[in-house]
Amino acid sequence: MRDTELYRHLLGLVAPWQVSRVELSVADGRVDVWAQHPRRTRFACPECERKLAVYDHSEERAWRHLDSCGFLTYLHAGPPRVDCPDHGVLQVRLPWAEPNSRFTMVFQRLAIDVLTECDVTGAARLLHLSWDEAWHVMDRAVARGLAAKAQVAPARIGVDEKSAGRGQDYITVVSDLDRGTVDYLVDERRQASLDSYFDRFTAEQRAGIEAVAMDMWEPYINSARANLEDADEKIVFDRYHLMKYLTTAVDTVRKQENRALAAGGDKRLAGSKYLWLYSAENLPARHVDRFARLRAGDLKTARAWAIKESLRHFWAYQRRGWAAKHFKRWYFWATHSRLQPVIDAARTLKRHEAGLLSYFAHRISNAGAEGLNSRIQAIRVSARGYRNREHFKTAIYFHLGGLQLYPQTGSSSRTVGSG
Ligand SMILES: [Zn+2]
């Protein structure tokens, strides 16, 4: 078999494309393959599909393709142009590559697979690409996926803020709680940020949103109220976020009390910070004895902790009515504790009571079965090299967006020419 024929098969080129020449450079570790079409081949206008004679050829270009036995492999061709009476002079579609791409579609598929498994630096190394090239593949894949994505409002969404860099640099993350995917990302965490999500849908589509898990963050609350009917029945405040208010209150009580005790030489609370932050069942065994002694004493911190732990039972109720009763008793206890940080936290929760009780209609939280939060955090950690917020967002969409990332190449992944 001649090498041109061999490469026509390897590349899966289909008529009218043929391989005209193959060059192997052992020194450079690369194979260059030239594709050509017969004279008088007619090509379709990319706009209207009308078959037209070749007008001329654009300058020869090269596309990176899958390696041949460890040799970097490049496909070369001069893309034909047609002169359509309706659409003017245009470059025809090439079966092996998307317009303006430097990679064949099969190479992109491989690169996407590798990027799915590695961070960008690792993928670039394995694929013999520069960091920018690997990044470019990811960026294009996400753009392609977002463009192809059906515009459907998920029934149950989670809204969360994520720090995108240092300081006050936030993005808003809207997730589809049922699919376990990130549905939408937008800069900042203002009302307008979340509004921009709802704006993408028609009123009818928005009506399909049944429940929204979120933090007690006024801009998000205001946005949901402005965009959803009966929003207060649909907003469910995230239980982990609610518990954080109490955990913080316990910690404030401990700090104040420790300071007062230490002034009189009592070191009981010194170094106990983390003991109070565990939920009871997660306390490491080595701390159990000390913590039991601390709780048994007449410490204010112990009282604050007991109030915090009692709130956790709220979410364990089967029925809303029982949970409402529990909350009422709990609120009375918390507000009569004479512990100001606990009283403040309880009042904040009370003001948002509807969004606590709505949990029993929807039973959702931002924690999600898919662990989106920890996966976003992992992307953030591996994203030190992403350098900026746009890259961070692209990486989240790439890994967690549930998008169709591959270029459409037809049925066989080895076939270059069937698209
Ligand atoms: Zn046309």
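Refer to the preceding data block for the structure.
Residues numbered from 1 in each chain as written. Predicted model: local features only at pLDDT ≥ 70, side-chain atom pairs only at ≥ 80, totals over all residues. Heavy atoms only, no water.

A. Just the sheet that holds strand 6 (residues 71–77), in detail. Here four strands make up an open sheet; going across it, the order is 1-2-6-5 and the pairing mixed. Both outer strands of the open sheet, strand 1 (18–25) and strand 5 (61–68), are each paired with one neighbouring strand and no more. Averaged over all neighbouring strand pairs, the angle between strand axes comes to 25°, with direction disregarded. In this structure, strand 2 (residues 30–36) lies alongside strand 6, joined through five bridges in parallel fashion. Each bridged residue has a counterpart across the sheet, and for Val 31 the counterpart in strand 6 is Thr 73. Strands strand 1, strand 2, strand 5 and strand 6 of the sheet are contacted by helix 1 (residues 3–11), whose axis makes an angle of about 100° with strand 1. (Pairing = 2+ DSSP bridges. Helix = DSSP H or I, 4+ residues; strand = E, 2+ residues; numbered from the N terminus. Axes fitted to C-alpha atoms, helices over the stretch in contact; angles between N-to-C directions. Contact = heavy atoms within 4.5 Å.)

B. Quick look at the nonpolar core. One finds Met 214, Leu 311, Phe 314, Trp 330, Leu 349 and Ile 396 to be the most contacted residues of the largest nonpolar core, which totals 97 residues. Non-local contacts of Trp 330, meaning those with residues more than four positions away in its chain, are made with Leu 246, Ile 307, Ser 310, Leu 311, Ala 346 and Leu 349. Of all hydrophobic cores here, the second largest spans 21 residues; its members include Tyr 7, Val 19, Val 22 and Cys 84. (Core = buried A, V, L, I, M, F, W, Y, C linked by side-chain atoms within 4.5 Å. Buried < 20%, exposed > 50% of the residue type's maximum accessible area, 1.4 Å probe, protein only.)

C. Spatial organisation of the packing of aromatic side chains. Scanning the model with the defined rule gives 16 aromatic pairs in all. Measuring from ring centre to ring centre gives 4.8 Å for Trp 17 and Trp 96, while their planes differ by 80°; the resulting arrangement is edge-to-face. One end of the pair, Trp 17, is in the loop between helix 1 and strand 1; the other, Trp 96, is in the loop between strand 8 (88–91) and helix 2 (105–117), with 79 residues separating them in the sequence. Pairing Phe 103 with Phe 107 gives two aromatic rings, centres 5.3 Å apart and planes at 25°, and the pair type is stacked. Each member of the pair Phe 103 and Phe 107 is classed as buried. Here the aromatic residues Phe 314, Trp 315, Phe 327, Trp 330, Tyr 331, Tyr 359 and Phe 360 are joined through ring pairs into a cluster of three or more. In this arrangement the basic side chain of Arg 21 is found over the ring face of Trp 34, its NZ or CZ atom lying 3.8 Å from the centre. (Phe/Tyr/Trp six-rings, centres within 6.5 Å; stacked < 30°, edge-to-face > 60°. Lys NZ or Arg CZ within 6 Å of the ring centre and 35° of its normal.)

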